[in-house]
Amino acid sequence: MKTDTRSTSRLRHDPLVRGLGWASALLGVPQVAAPAGFARALGVDDALRHRSATTAVGVRELAAAAGLLGRPHPAWLWGRVGGDLMDLTMLTRALKNHDGRGLGRTVAATAAVTALTATDVYAAVTRTRRSTPMELTATTTVTQPPDRVYALWRDLERLPDFMAHLEEVRVTGPRISHWRASAPFGKTVEWDAETTEEVAGRLIAWQSVDGADIDNSGEVRFEPAPGGRGTEIRVTLRYDLPGGALGKAAARYFGEEPHQQLDDDLRRFKQIAETGEVVRSEGAPGGKRARGEFPQHPARPLTEDELKEALA
């Protein structure tokens, strides 16, 4: 796991992390100060075992509050996730053995803890500096000569035209550009990239510079296709996927499959290179709407609304 002072400082000023810290404090104080009353508020009796469990949970919540508000670290967030799972186990057992009195309050408490668990999982995944190295490759053939295809790709500020997850690419220097892209869970990531190698008509390679939200590098090669059929484009992307294996699984669950994204981006680039525009259809929309269409479907005629949008 990558951790540093900069990461701790970022978490200390993170509104969600601080909010969860205060939530732990607000939950912990009454559980430690008045465990019997808190147990009754949950719809269970104030038997010794319930008071003891409530006190133990309260102590855990206060420890999490101290960690998240004092020295925030992803470990405290994952600790909350583990505690949530324990709480859900106890509440599920309470529901199973419930005598019916206060059942509504126990059901409501279970629903609230379930929602809180989802929030804690999201916070832990997106704030964890653990990463999984990824390397993606894709190839397509464009019926245009290499020099023309290279020139089109070299116009970096046009990359969002076919890369659906790119919000903006802005050239800021002779070899430096600033990139902004959408990410899983509705997040946005930004970085500066340096062109590390360039051979006109043949190769463009780049590397993110220090301070990038996601470290990444890559290259795109332009080679004459066999039989004079145009240009073969070979793309390689390397980056660290935040959240490790859990982040990767969550991204796929929310429709953010990186390999399919790259294939679809190249399909759109081929269309721009050969026809001058992305072929719009109900199954292959343009712009941000394309992000929800992985994998894209075979082309179909535009709907009436999409036709109006395209004409506008």
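Look a little higher up for the structure.
About the cut-offs
Each chain carries its own residue numbering, running from 1 in the written order of its sequence. This being a predicted model, a pLDDT of at least 70 is required before a residue's local features are given, and a value of 80 or more before pairs of side-chain atoms are given or counted; all residues contribute to the totals for chains, interfaces and linings. Excluding hydrogens and water, the side-chain figures rest on all heavy atoms present in the structure. By salt bridge we mean one thing: a side-chain nitrogen of Lys or Arg within 4 Å of a carboxyl oxygen of Asp or Glu. By the criteria applied, helices consist of DSSP H or I runs no shorter than four residues and strands consist of E runs no shorter than two, each listed in order from the N terminus. Throughout, exposure labels follow a simple rule: accessible area from a 1.4 Å probe, protein chains only, divided by the maximum for the residue type, with under 20% read as buried, over 50% as exposed, and the rest as partly exposed. The definition of a polar contact used here is a pair of N or O atoms within 3.5 Å, where within protein one atom must be able to donate a hydrogen and the other to accept one, and adjacent residues in sequence count solely through side-chain atom pairs. Two residues qualify as a contact provided that any one of their heavy atoms is within 4.5 Å of a heavy atom in the partner residue. Here, expected helix span is obtained from the residue count minus one, scaled by 1.5 Å. Side-chain rings of Phe, Tyr and Trp (the six-membered ring for Trp) are treated as a pair once their centres are within 6.5 Å; stacked means planes under 30 degrees apart, edge-to-face means over 60, and tilted covers the remaining angles. The convention used is that axes are lines fitted to C-alpha atoms, helices contributing only their stretch in contact, and that angles between N-to-C directions extend from 0 to 180 degrees. Note on terminology: angles under 35 degrees are roughly parallel, angles over 145 are roughly antiparallel, angles of 65 to 115 are roughly perpendicular, and the others are oblique. Should the near helix be turned counterclockwise from the far one by less than a right angle, the crossing is left-handed, whereas a clockwise turn marks it as right-handed. When residues are grouped by polarity, Ala, Val, Leu, Ile, Met, Phe, Trp, Tyr, Cys and Pro land in nonpolar, Asp, Glu, Lys and Arg in charged, and all others, Gly among them, in polar. For two strands to count as paired, DSSP must find a minimum of two bridges between them.

A few points about the pattern of salt bridges
Link 1 in the chain: Enumeration over the complete set of coordinates arrives at 17 salt bridges.
Link 2 in the chain: Note that Asp87 is salt-bridged to Arg60, the shortest N-O span being 2.8 Å. With Asp87 in helix H5 (residues 74-96) and Arg60 in helix H4 (residues 48-70), this pair connects stretches of sequence that are 27 residues apart.
Link 3 in the chain: Taking the relative accessible area as the measure of exposure, Asp87 reaches 11% and is therefore buried.

Some details on the side chain of Ser177
Link 1 in the chain: Within the element layout of this structure, Ser177 appears in strand S3 (residues 176-182).
Link 2 in the chain: Classification of Ser177 by relative accessible area gives buried; the value is 4%.
Link 3 in the chain: Looking at Ser177, its side chain comes within polar contact range of the side chain of Trp179, at 2.8 Å.
Link 4 in the chain: Beyond its immediate chain neighbours, meaning those up to four positions away, Ser177 contacts Leu156, Val169, Arg170, Val171, Thr172, Trp191, Asp192 and Ala193.

Here we look at helix H9 (residues 258-275)
Note: α-helices contain 3.6 residues per turn, so residues at a spacing of three or four share the same orientation.
Link 1 in the chain: Between its terminal C-alpha atoms H9 stretches 26 Å, which fits the 26 Å expected from 18 residues at 1.5 Å a residue.
Link 2 in the chain: All of the buried residues in H9 are Pro258, Gln261, Leu262, Asp264, Asp265, Leu266, Arg268, Phe269, Gln271, Ile272 and Ala273.

Focus on the packing of aromatic side chains
In this description, a pair of aromatic rings is defined by centroid distance and the angle of the planes.
Link 1 in the chain: With the rule as written, the count across this model stands at six aromatic pairs.
Link 2 in the chain: Judged by centre distance (5.8 Å) and plane angle (20°), the rings of Trp179 and Trp191 are stacked. On the criterion of sequence distance, the pair formed by Trp179 in strand S3 and Trp191 in strand S4 (residues 188-199) is long-range, its members being twelve residues apart. Trp191 shares its class with Trp179; the two are buried.
Link 3 in the chain: Through successive ring pairs, a cluster of aromatic residues spans Tyr150, Trp153, Phe162, Phe222 and Phe269.

So, the packing of H4 against H5
Link 1 in the chain: Packing of H4 against H5 brings their axes to within 10 Å, and their N-to-C directions diverge by 160°. Here H5 runs roughly antiparallel to H4, going by the angle between their axes. Helix-helix and strand crossings are classified by hand; for H4 and H5 the assignment is left-handed. Facing H4, whose interface residues are Ala53, Val57, Arg60, Glu61, Ala63, Ala64, Gly67 and Leu68, H5 presents Trp76, Leu77, Arg80, Gly83, Asp84, Asp87 and Met90.
Link 2 in the chain: Of the residues contributing to the contact of H4 with H5, the split by class is eight nonpolar, two polar and five charged.

Quick word on the pairing of S3
Link 1 in the chain: Summarising burial for S3: five of the seven residues are buried, a large majority.
Link 2 in the chain: Of the strand pairs in this sheet, strand S2 (residues 166-171) and S3 are connected by five bridges, and their pairing is antiparallel. Directly across from Arg170, in S3, lies its bridge partner His178.
Link 3 in the chain: If you look at the hairpin formed by S2 and S3, you'll find four residues sitting between the two strands.
Link 4 in the chain: Bridging between S3 and S4 involves seven bridges; their strand directions are antiparallel. Residue pairing for S4: Arg180 is matched across the bridge by Glu190.

Topic: the environment of His73
Link 1 in the chain: Mapped onto the elements, His73 comes out in the loop between H4 and H5.
Link 2 in the chain: In this structure, the C-alpha to C-alpha distance between His73 and Leu11, residues 62 residues apart in sequence, is 7.1 Å.
Link 3 in the chain: Among the polar contacts made by the side chain of His73, one reaches the main-chain amide nitrogen of Ala75 at a distance of 2.9 Å.

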